[in-house]
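# Observations on the model geometry
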Number of protein chains: 2
Amino acid sequence: MEQVKIIALKESVLEDNEQDAQALREELKSRGTCLLNLMSSPGSGKTTTLLALNRAFNGRLRWGVMEADIDSAVDAQTMQEAGVPSVQLHTGGMCHLDADMTRQGVRALGMEDAELIVLENIGNLVCPAEFDTGAAINMTILSVPEGDDKPAKYPLMYETCDMLVVNKIDTLPIFDFDKARMERCARERNPAIEIFYISAKTGEGVQALADALVRKVKEWNAT
Amino acid sequence: MEQVKIIALKESVLEDNEQDAQALREELKSRGTCLLNLMSSPGSGKTTTLLALNRAFNGRLRWGVMEADIDSAVDAQTMQEAGVPSVQLHTGGMCHLDADMTRQGVRALGMEDAELIVLENIGNLVCPAEFDTGAAINMTILSVPEGDDKPAKYPLMYETCDMLVVNKIDTLPIFDFDKARMERCARERNPAIEIFYISAKTGEGVQALADALVRKVKEWNAT
């Protein structure tokens, strides 16, 4: 198997990240690519979810993945081995990606015809929420073992995201996780947030999430 | 039950955090207080571990807790209800605490005779590892559901910490978590790291951790 490409990101010299993010969003829109920014705590199952989505997409989307990490190339290698074009982005200790760093990744990935590019952001509920990456869709994963109180403790993440994926629902019987409490709290912060329940491990709920994503991506690229 | 004190931390104006951290460490040492900086991902069980430790300390330490959070006062209230003097520190969106913010918390807690003060840092494996808070002991919690690959992905956290607590070991049978792989990887980064396995929920392993901490705190304060 081909070694995955590893890119050391350079820190942005641009002053206005929001303007830059808007420019990147428009560039990607004009070429028919929807960028999804995937955020979560460390270990919530971002890569496992992407692998499960790949099976459920079942060839309906041309897509690629940018795996951001402080170190290691494990995730990009895993995605590539599953047949998804991938690059590994190293942030050199940085706790988030901004739009300029995201653009460096998009260039390195080089999939001009991609309908969807997923940025797997650094595992962190704080800093990534503060930086617009140029994504059309912001998604966060909350895994059941982390607890139902995360929307109360990391409000900006939930305000920023269009989609909330609750992962590891196969472990609901063994953790104290009150779905109603979590939903109430997330919707207080963001009434429009769409919530999906999945187990990336068992596959439960993944098809519905994949179908919703395919629909969103095709819509975004068509308008 | 008395309402817990909530402190809005001010951003530090000091240039040299390392110097400031060293000064705070010496101040605390001269009054016989050991500061422990507790770090982890969101939802690893920091507060639940502190509650379990409180039971296992069984009155052997005069101790207090500073609960840092972006929002909410849930954790400090929980600790106070368990009889542990606590303050809630709000960082106003900041992803970590530096030594000056820690000093503001120590003053607000006001326990001049504390043998141990625990700073429960923001749930984040990246930024808190970069800032010396003035702590004598740095501890990180890794919960089993997060996976055994965290030391490879967040190396600085493991390099920085003296103690690693692996929590939620009651869930080992249902997650793919290779203890040997995790230990090898953590010790590659930090050969001296002390590793403890606990379940804060069932209490397994907590007594050994509490005993080790009592010993460390008494030793640090005595020398």
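Scroll up for the structure.
Everything in this summary refers to the structure shown in the same document. (Residues numbered from 1 in each chain as written. Chains lettered and ligands numbered in written order. Predicted model: local features only at pLDDT ≥ 70, side-chain atom pairs only at ≥ 80, totals over all residues. Heavy atoms only, no water.)

## Observations regarding the pattern of salt bridges
Where charged atoms of side chains with opposite charge meet at close range, the side chains can pair. Evaluation of the coordinates by the stated rule reveals 31 salt bridges over all chains. Of the charged contacts in the structure, one is a salt bridge between Asp132 of chain A and Arg25 of chain A, with a shortest N-O distance of 2.9 Å. In this pair, Asp132 of chain A is assigned in the loop between β5 (116–120) and β6 (137–143) and Arg25 of chain A in helix α1 (residues 17–30), connecting sequence segments 107 residues apart. Among the salt bridges present, the one from Glu115 of chain B reaches Arg62 of chain B, with a minimum N-O distance of 4.0 Å. Taken together, the positions of Glu115 of chain B in the loop between α4 (99–109) and β5 (116–120) and Arg62 of chain B in the loop between α2 (46–57) and β3 (63–69) put the pair 53 residues apart, joining distant regions of the chain. When its relative accessible area of 13% is taken as the criterion, Glu115 of chain B is described as buried. Judged by relative accessible area, which is 44%, Arg62 of chain B ranks as partly exposed. When salt bridges that share partners are traced, they join Asp20, Glu27, Asp100 and Arg103 of chain A into one network. (Salt bridge = Lys/Arg side-chain N within 4 Å of Asp/Glu carboxyl O. Helix = DSSP H or I, 4+ residues; strand = E, 2+ residues; numbered from the N terminus. Buried < 20%, exposed > 50% of the residue type's maximum accessible area, 1.4 Å probe, protein only.)

## Structural notes on the pairing of β5 of chain B
Residue and element names in this part refer to chain B. Counting buried residues in β5 gives five out of five residues, a clear majority hidden from the surface. Burial of the side chains of β5 extends over both faces: Leu116, Val118 and Glu120 are buried on one face and Ile117 and Leu119 on the other. The pairing of strand β2 (residues 34–40) with β5 spans five bridges and is parallel. Paired with Asn37 across the strands is Leu119, a residue of β5. Note that β3 and β5 share five bridges and pair parallel. Opposite Gly64, over in β5, you have Ile117 as the bridge partner. (Pairing = 2+ DSSP bridges.)

## Quick notes on the packing of aromatic side chains
Scanning the entire structure with this criterion turns up two aromatic pairs over all chains. Sitting over the ring of Trp220 of chain A, Lys29 of chain A keeps its end group 4.3 Å from the ring centre. The residue whose ring lies beneath Lys179 of chain B is Tyr197 of chain B, and the NZ or CZ to ring-centre distance is 4.4 Å. (Phe/Tyr/Trp six-rings, centres within 6.5 Å; stacked < 30°, edge-to-face > 60°. Lys NZ or Arg CZ within 6 Å of the ring centre and 35° of its normal.)

## So, unusual backbone geometry
Residues and elements named next belong to chain B. With phi around 50 degrees, Asn58 is a residue other than glycine that occupies positive phi space. Mapped onto the secondary structure, Asn58 falls in the loop between α2 and β3. For Asn58, a relative accessible area of 65% gives the class exposed. The backbone of Lys168 sits at a positive phi, close to 65 degrees, despite the residue not being glycine. Checked against the element boundaries, Lys168 lands in the loop between β7 (163–167) and α7 (179–189). In this structure Lys168 comes out as buried when scored by relative accessible area, which is 12%.

## Quick look at the interface of chain A and chain B
At the junction of the two partners, chain A supplies 30 residues and chain B supplies 29 residues. In total, chain A and chain B occlude about 2400 Å² of area from one another, counting both sides; carbon and sulfur atoms represent 57% of this. Linking chain A to chain B there are two salt bridges. Here Asp75 of chain B makes a salt bridge to Lys153 of chain A, at a shortest N to O gap of 2.7 Å. Considering every element that reaches the side of chain A that touches chain B, the biggest residue donor is helix α5 (residues 150–153) of chain A, with three residues. Broken down by class, the residue content of the side of chain A that touches chain B amounts to 13 nonpolar, seven polar and ten charged. (Contact = heavy atoms within 4.5 Å. Buried area = accessible area lost by both parts, 1.4 Å probe. Nonpolar A, V, L, I, M, F, W, Y, C, P; charged D, E, K, R; others polar.)

## Digging into the relation of the copies chain A and chain B
The transform that puts chain A on chain B rotates by 180 degrees and translates by 0.0 Å along the axis, for an RMSD of 0.0 Å. Put plainly, the chains are arranged around a two-fold axis. (Least-squares fit on C-alpha atoms with pLDDT ≥ 70 in both.)

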